[in-house]
Amino acid sequence: MFENILLAVDGSDGAVKAARAATELAQLTKAHLRIVIAFDPIPAYLGEPNLQAAVDARMREADAILERTLKVVGEIPGEIHTEILEGPAADAILRVAETRGNDLIVMGSRGLGQLAGLLLGSQSQKVVTHAPCPVLIVR
Ligand code: ATP
Ligand code: MG
């Protein structure tokens, strides 16, 4: 049923649960898996060399989260791709889903946000509202 799954991760427990669900689906459907992480834009007023240092730090952090996610996913029958993007997460996820032709987006209901009691994070909500394909929100 699904051939190209997009998994969005931010290093949160919710994203780990999403990774487990995406893996099970990828096992069952033999789908390819694209793991996406976005980091917030870094303000240009930082100036060089601070700007480059900030970009490097965020890239390293994103890399570490991707590495941890790859360990959760392990081996699947399809291909695994990873992608690090700059920009608000939901916009980045939607952009990737459209350009890569994903047929399912998997994400957690909550992420790293601190707001207690929130049932659905803002990024999940935005993706659910605007996605070009089905979205699986994992709790
Ligand atoms: P908020 O960000 O609105 O304060 P939150 O952090 O609890 O609340 P979301 O950010 O919507 O909630 O996170 C829900 C899910 O969205 C996460 O489990 C993850 O799957 C995905 N997600 C969130 N941030 C990112 C990101 N920067 N890159 C990729 N995926 C993300
Ligand atoms: Mg968040």
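Located above this text is the structure these notes cover.
Below you will find a few notes about this structure.

The rules behind each value
- Residues numbered from 1 in each chain as written.
- Chains lettered and ligands numbered in written order.
- Predicted model: local features only at pLDDT ≥ 70, side-chain atom pairs only at ≥ 80, totals over all residues.
- Heavy atoms only, no water.
- Near = heavy atom within 4 Å.
- Polar contact = N/O pair within 3.5 Å; in protein donor to acceptor, adjacent residues only side chain to side chain.
- Areas by Shrake-Rupley, 256 points an atom, 1.4 Å probe, with all protein chains shown as cover.
- Helix = DSSP H or I, 4+ residues; strand = E, 2+ residues; numbered from the N terminus.
- Nonpolar A, V, L, I, M, F, W, Y, C, P; charged D, E, K, R; others polar.
- Salt bridge = Lys/Arg side-chain N within 4 Å of Asp/Glu carboxyl O.
- Buried < 20%, exposed > 50% of the residue type's maximum accessible area, 1.4 Å probe, protein only.

**Observations concerning the site of ligand 1**
Part 1: Lining the immediate environment of ligand 1, one finds 21 residues, of which Ala8, Ala38, Arg110, Gly113 and Ser122 sit closest.
Part 2: Here Gly111 contributes a backbone N or O atom positioned 2.8 Å from an oxygen atom of ligand 1.
Part 3: Contacts to ligand 1 include Gly113, whose backbone N or O atom sits 2.7 Å from an oxygen atom.
Part 4: Considered on its own, ligand 1 offers 620 Å² of accessible surface; in the complex 86% of this is hidden by protein.
Part 5: Those elements that place two or more of their residues in the shell around ligand 1 are α1 (13-29), β2 (32-39), α3 (89-100), β4 (104-108) and α4 (122-130).
Part 6: Tallied by class, residues from the shell around ligand 1 come to 10 nonpolar, 9 polar and 2 charged.

**A look at the pattern of salt bridges**
Part 1: Scanning all chains against the criterion turns up 3 salt bridges.
Part 2: For the salt bridge of Arg34 with Glu83, the shortest nitrogen-to-oxygen distance reads 2.7 Å. With a gap of 49 residues between them, Arg34 in strand β2 and Glu83 in strand β3 (residues 80-86) connect regions that are remote in the sequence. Taken as a pair, Arg34 and Glu83 share a single burial class, namely buried.
Part 3: Put simply, Glu83 and Arg100 hold a salt bridge, and the shortest N to O gap is 3.6 Å. On the criterion of sequence distance, the pair formed by Glu83 in strand β3 and Arg100 in helix α3 is long-range, its members being 17 residues apart.
Part 4: Overall, the relative accessible area of 44% leaves Arg100 in the partly exposed class.
Part 5: By sharing partners, the salt bridges in this structure join Arg34, Glu83 and Arg100 into a single network.

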